[in-house]
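Structure assessment
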Number of protein chains: 2
Amino acid sequence: MSTHKVSFLPHNKTIEVRDGENLIRAAMEAGVHINASCGGEGVCGKCRVIVEAGGVGNGISERLSQEDIDKGYRLACKAIVREDVVIRVPTESVIDTGVLNMQSTPRRTAPIREFDLEKLKEEGLFLPPVKKVYLELPEPDSQDHLPDVTRLVSFLKLEHDQHRLIVDLPVIRKIPDVLREDNFRVTATLARPVRKDGQTHIINVQPGNTSDRNYAIAIDIGTTTVYGQLIDLVSGEVLGEYGDFNGQISYGEDVISRIMFAEKGDGLEKLHTVVVETINKIINKIQKKAGIDRDDISAITLAGNTTMTQLFLRVNPRYIRRAPYVPAATLYPPVRASRLGLAVADHINALVYPQISSYVGGDIVAGVMGSGLYRTEHLTLFMDIGTNAEIVVGNRDWMACAACSAGPAFEGGGIEFGMRAARGAIEDFSIDPFSLEPMNITIGNVRPKGICGSGLIIMVATMFEMGIINNSGKYNRELDTPRIRERNGVWEYVLAWQDDSQIDRDVVLTEIDIENLIRAKGAIYSGCQTLLEEVGLTMNDLDRIYLAGGFGSYVDLEKAMVIGLLPEMDTEKITFIGNASLLGARMSSLTNQIRRDVVEVTHMMTNFELSETPSYMDHYVASLFLPHTDLNAFPKLKERLEIRNKMRN
Amino acid sequence: MSTHKVSFLPHNKTIEVRDGENLIRAAMEAGVHINASCGGEGVCGKCRVIVEAGGVGNGISERLSQEDIDKGYRLACKAIVREDVVIRVPTESVIDTGVLNMQSTPRRTAPIREFDLEKLKEEGLFLPPVKKVYLELPEPDSQDHLPDVTRLVSFLKLEHDQHRLIVDLPVIRKIPDVLREDNFRVTATLARPVRKDGQTHIINVQPGNTSDRNYAIAIDIGTTTVYGQLIDLVSGEVLGEYGDFNGQISYGEDVISRIMFAEKGDGLEKLHTVVVETINKIINKIQKKAGIDRDDISAITLAGNTTMTQLFLRVNPRYIRRAPYVPAATLYPPVRASRLGLAVADHINALVYPQISSYVGGDIVAGVMGSGLYRTEHLTLFMDIGTNAEIVVGNRDWMACAACSAGPAFEGGGIEFGMRAARGAIEDFSIDPFSLEPMNITIGNVRPKGICGSGLIIMVATMFEMGIINNSGKYNRELDTPRIRERNGVWEYVLAWQDDSQIDRDVVLTEIDIENLIRAKGAIYSGCQTLLEEVGLTMNDLDRIYLAGGFGSYVDLEKAMVIGLLPEMDTEKITFIGNASLLGARMSSLTNQIRRDVVEVTHMMTNFELSETPSYMDHYVASLFLPHTDLNAFPKLKERLEIRNKMRN
């Protein structure tokens, strides 16, 4: 894909973007503010820029006169980059470029950590839990009356050095006919034991040679969304992926409401059934798309939080939400997948990730396994900020974990105009330090209708760093702009006037919203502090951060440090591992080592119930500021704030 | 129970019998011949005897005149022994009592070998595959958030030294509620591992203390009859037993016809279903009769021949009856019993005895295990003569086995008036050496309608030893009696004239019948010879014989030696072990050691396909005589025959 250089004047900032990139997004990426209230739909007409060299596609609107167009004016939100261009942003007064550059740091999300299949192979760990072996058996005759199963097993023992073999009844039922279908040439599917001295199960036999067709399914059972991957167990590659809403959503948005539903009548059965239906829909999609045979899917691995896991396995979750909050189990044995209702062949087992506690579930364990956290020597902080926030700190020697009651602010909950990351959500934001006019970038480049979690963090961080809100999250009431106002006794900033929005009201960010965000980030930050303190460490000792979950992929790392969600750290040391639960499920399909190690890992992971850990409340209260009561923990931010204050004064 | 002495004159034989014993049966037991054609129904009136001392109950009939009655005559078949008596048997001429005593040896069946539970306990082998453990767990609180399953498992590990525990999903589903039903006081049911280093499964949890209620079911799946026992796993005692016809009988009498039925349409499913129904009927009967709770049945063990086992497990048996006659498998893994349709709790496993070959099945392996053959130092011959005849020779060091195509003669098949051992079957027989009149004893003391297997052996042996038939099984055509005659070109002996029988014809024993019996016993005897010869031994090396199966309990040991079915041996060394299959199933319920040993035993047992063992045909042909071509192998019989011949000449 070709890229082009876009230079912004008077900022003197140049950025490289993909061909076809929207110009206003390029500006945001470069940290260049352009007033833009309408989210990029071209309605407000405020994002006028002048193309000084090169040309852009589109960008012409009825909001521009022919004269303006002739002068090179375009609407940045409608303009498309097709070649190297130089863009001048009109400013209302002559401004020091130093100030210009201070107004926004370039957005930086965590780089995605790619799964390193080659390394796995190099380490000799590419050992899927199931393998296929092609056999040409001697045929029975009047001198050789070996029973069919014995014939198969003996051959595997002698010719393939496979010992302690066990054959399940459904396979025994198939063997006599399958052996005779292609003159005793068969492919056996072997399930490797967890322990080296364990028993290898022969879980399937197929006529002829099918050893090049061996697949696994990995499933992440999220409270909101379920994702599945189809994995080729011969190459290790992912052949397909598909996600869909968890069908349980109709019965409650979060785990607590699902548990309550499960306690009533046949609620548990119902929730079990619908999530199985969702999983089956995903299996069907990816299987059909890849054009593979169902009988060649030899394994399915699943991970989900504790409630999702119990509902999927039809284990009553009622004690999860009742003090003292105990889950039914940590480890679950392999379960015949078809008996759970999964649309796979009768012979395969569902391998389900173990849980740690009621609120640190299999999705987190999957993340710990899939990310390699449990094997690293570096002190690592793992965070999964989703419907609930779970954190793990530790390395290969020890791990501590906790669930933080962050509340749903990062998902848009408790925020007046909060919404999920969907079309019309402001996902990026900057503000002009003089006019205090906003630059709203929305998902889908349409007029704003709300704010998603990552946008919220950027807004609060930006406004805090520019002094528009103070470290308690309160607006500076002295500022001269109609956008900051009091309504029903609550102060707020108007992000988009009603006319520039998709809704019949002004889209605003209130002080209550900011307070909720502060509580949410404070819960997580203080959770990490508490875990570290319990082992005599501090945030400064952290070597790395792994961000997981949908939210983690969008969060602006620098901004997250500004609000005090993340500890201040070189962003190079922060990686985004994506859907950790799915990653762990996939890893389990690729290496049986995971199943061996995971039991030990569950024993290693010390769970803290933060509400019952005395130091937690102190840490929490101290964290209810931007970024924190202790600004010294954020030295870079402290320095920037000091420079800014000097420049102001 | 009181007993009485019965003395017979002029034989001078005295026998002790139970109070209420039938007089003619007492005579037969003493080896005293009394003419009796009608089987004991009092119709023929030939069994007149004189009570010389003491008195008998009944015995008076319209066949006796008042004068006879006054003289002390009674009909032996109707007379009941109530006190010590002296009985004179009228003889038609003055006979040397030496000859009298030669006419019949007292009947001797093998003594039943009682199951020695105490010895099992002494040897430390009373280790049922499942045990119950009562636990009082600490309750969770704000300082103790252990998951429910972890709580249970940890307690078992610490307090009960149970390690490598695994909890199946259905139990996990129950644990949360069961723990809270009686304040965390629970009884766990543990399934012991087969190998010492194996995993112990927690298969059930029950609220409170139920550790004194732990039961197992043992099932023998016979082709004709299914038997079940309820076993108390705390005491080891059998609490109940019940047998019923195998519901598959409607679909074919023998295994071959069942296999043929299974090959058609849903025949396999049908046969599987009906045998499961039969088993369930038996489980229900014995469970209800004992008044125990279904949830307290913790194990079920089953044994059957190869075809019965495959049909029960729904494994297609089609290759069992097709050359080269291979079964599907030898070992079957434990199978969740409820999934086979068994009417037991969901958590218990069905343990099914392994097979050796298509025609040496789990019933025989069960016999080898249950009888202790596999642990003895003595060279032992095990014979199970049922619908098919299976033999095992060996000891703890080696074992060889084979199925003999004996044909159904012992079950009454291929015998003109052959029948199963049911009401009206002649089960015992003697013949007057002078008049050649028979003494028929029938099951139920009714008029004869046929001959059962054990009666047949006695008839042929008796007539052979008395010279009425020769060693080729042909009648002496010189004898002066209307009972020996030619009909449709075949010579026969009339056992009961039409008037004395239950049917509208004479009941006879033909030379064809005798030939069929000779073929049957020859197949078995030569089978044993072949197995022994393969390991360089002969019949003389045998230390013991174990007889199994319904037939074995009735067979007259001496007579079986006379016809050459059994090798000549001190009868003290022959024991009847009853239903070997049921015995083995019961043993598996009492000691887990069986499951550990049985795998090795199946490897030890060398199966011979007699039809493909060259020496077998030679042995077979040589055995088609009474008792055998080689009379020297039967030295006692040889001596008796020589004395008899001398007396004749």
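Refer to the preceding data block for the structure.
Description of the structure in this document. (Residues numbered from 1 in each chain as written. Chains lettered and ligands numbered in written order. Predicted model: local features only at pLDDT ≥ 70, side-chain atom pairs only at ≥ 80, totals over all residues. Heavy atoms only, no water.)

Residue and element names in this part refer to chain A. The strand order across the open sheet built from four strands is S8-S10-S11-S9, with neighbouring strands paired in mixed fashion. Each of the sheet's edge strands pairs with one partner strand only, and the pair in question is strand S8 (130–136) and strand S9 (165–167). Averaged over all pairs of adjacent strands, the angle between strand axes in this sheet comes to 35 degrees, irrespective of strand direction. Looking at chain direction, strand S10 (residues 185–191) and strand S11 (residues 200–207) are connected through six bridges and run antiparallel. The residue bridging Ala 188 from the neighbouring strand is Val 205, located in S11. Along the sheet, helix H5 (residues 148–160) makes contact with S8, S9, S10 and S11, crossing S8 at roughly 100 degrees. (Pairing = 2+ DSSP bridges. Helix = DSSP H or I, 4+ residues; strand = E, 2+ residues; numbered from the N terminus. Axes fitted to C-alpha atoms, helices over the stretch in contact; angles between N-to-C directions. Contact = heavy atoms within 4.5 Å.)

Quick look at the packing of helix H10 (residues 362–370) of chain B against helix H15 (residues 580–590) of chain B now. Residues and elements named next belong to chain B. With their axes 7 Å apart at the nearest point, H10 and H15 run at an angle of 60 degrees to one another. In this structure, the crossing between H10 and H15 has a hand that is left-handed. Facing H10, whose interface residues are Asp 363, Ala 366, Gly 367, Met 369 and Gly 370, H15 presents Ala 580, Ser 581, Leu 583, Gly 584, Ala 585 and Met 587. A breakdown of the residues in the contact of H10 with H15 according to their chemical character gives six nonpolar, four polar and one charged. (Left-handed = near helix turned anticlockwise from the far one by under 90°. Nonpolar A, V, L, I, M, F, W, Y, C, P; charged D, E, K, R; others polar.)

The next thing to look at is the environment of B:Asn470. Residue and element names in this part refer to chain B. Considering the arrangement of structural elements, one finds Asn 470 in the loop between helix H11 (453–465) and strand S24 (484–487). In this structure the C-alpha to C-alpha distance between Asn 470 and Arg 173, which are 297 residues apart in sequence, comes to 73 Å. Excluding residues within four positions of it along the chain, Asn 470 makes contact with Phe 464 and Leu 626.

Below, the discussion takes up the interface of chain A and chain B. At the junction of the two partners, chain A supplies 42 residues and chain B supplies 42 residues. The junction of chain A with chain B conceals about 3500 Å² of combined surface from both sides, 61% of it contributed by carbon and sulfur atoms. Its largest share of buried area at the contact with chain B, chain A owes to A:His145, A:Arg173 and A:Tyr319, together 17% of the area lost on that side. Taken together, chain A and chain B are joined by zero salt bridges. When residues of the side of chain A that touches chain B are traced back to their parent elements, those giving at least two are H5, S9 and helix H6 (169–181) of chain A. The element that contributes the greatest number of residues to the side of chain A that touches chain B is H6(A), accounting for six residues. (Buried area = accessible area lost by both parts, 1.4 Å probe. Salt bridge = Lys/Arg side-chain N within 4 Å of Asp/Glu carboxyl O.)

All right, on to helix H10 (residues 362–370) of chain A then. Within H10(A), nine of the nine residues are buried, leaving the element largely enclosed by the surrounding structure. Within H10(A), burial applies to A:Gly362, A:Asp363, A:Ile364, A:Val365, A:Ala366, A:Gly367, A:Val368, A:Met369 and A:Gly370. (Buried < 20%, exposed > 50% of the residue type's maximum accessible area, 1.4 Å probe, protein only.)

Attention now moves to the relation of the copies chain A and chain B. Expressed as a screw operation, the relation of chain A to chain B combines 0.1 Å of axial shift with a rotation of 179 degrees, fitting to an RMSD of 0.2 Å. Taken together, these values place the two copies in the relation of a two-fold axis. No C-alpha of chain A lies nearer the rotation axis than that of A:Gly198, which sits 4.4 Å from it. A share of 100% of interface residues in chain A that are also interface residues in chain B marks the association as one of identical surfaces. (Least-squares fit on C-alpha atoms with pLDDT ≥ 70 in both.)

Residues and elements named next belong to chain A. One pass over the full model with this rule turns up zero disulfides over all chains. Cys 44 forms no disulfide, and the closest cysteine sulfur to it belongs to Cys 38, at a distance of 3.7 Å. Cys 404 supplies the cysteine sulfur nearest to Cys 528, a cysteine that is in no disulfide, at a spacing of 6.3 Å. (Disulfide = S-S within 2.5 Å.)

Geometric descriptors of this kind do not, in isolation, establish any biological role.
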